[in-house]
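The lines below spell out each chain.
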Amino acid sequence: MPKGNKYCSIKSSNLLEYHFISKFLKRSSQLNFNQLNQKLTLSNNKNNNNNNNNNNNNNNNNNNNNNNNNNNNNNNNNNNNNNNNNNNNNNNNNNNNNNNNNNNNNN
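Presented here is a report on the structure given in the accompanying data block. No experiment lies behind these values; they were computed from the predicted model shown.

1. Considering the overall build of the protein
Scanning the protein from terminus to terminus reveals one helix and zero strands. Scored against the burial criterion, the 107 residues of the protein give a buried share of 1%. Total accessible area on the protein stands at roughly 10,000 Å², and carbon and sulfur atoms take up 39% of it.

2. What to know about a nonpolar patch on the surface
Together, I21, F24 and L25 make up a nonpolar patch on the protein surface, roughly 320 Å² of accessible area in all. When you line up the elements, L25 lands in helix α1 (residues 3-106). Its relative accessible area of 48% is what places L25 among the partly exposed residues.

What counts, and where the lines are drawn
Residues numbered from 1 in each chain as written. Predicted model: local features only at pLDDT ≥ 70, side-chain atom pairs only at ≥ 80, totals over all residues. Heavy atoms only, no water. Helix = DSSP H or I, 4+ residues; strand = E, 2+ residues; numbered from the N terminus. Buried < 20%, exposed > 50% of the residue type's maximum accessible area, 1.4 Å probe, protein only. Areas by Shrake-Rupley, 256 points an atom, 1.4 Å probe, with all protein chains shown as cover. Patch = residues over 30% accessible without salt bridge, like charges linked within 9 Å, V, L, I, M, F, W, Y side chains within 5 Å. Salt bridge = Lys/Arg side-chain N within 4 Å of Asp/Glu carboxyl O.

Next comes the structure, spelled out in C-alpha cells:
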C-alpha cells in the first residue's frame with residue numbers, strides 16, 4: 001500500500017473520531033445550556049415571586065397605614081366636635097347663670 005493511501009486512511013479515521021467527539025461535545029454543551037437555562041428560569045421565577053410578595057406586602061402596609069391615618073383623622077374630628085359641643089354647652093350654661101343672676105338682682 002502506498003504511503004499516500006495510508007496517510008489518507010489515518011486522516012479519515014481521525015476525521016471520523018473528530019466527527020464523533022464534536023457531536024458528543026455539541027450534545028453535552030446543549031444539555032449544559034439547557035440545564036443552565038432551567039436554573040436561570042427557576043431563579044428568575046423565584047425572584048419574581050419574591051418581588052411580587054414584597055410588592056403585596058408593601059401594598060398591604062400602605063393600605064394599613066392609610067386606614068390608620070383615616071381612623072386617626074376621624075378620631076381627631078370627633079374629639080374636636082365633642083370639644084366644640086362642650087364649649088357651647090359651657091357658654092350656654094354661663095349665659096343662663098348670668099341671666100338668672102341679673103333677674104335676681106332686678107327683683
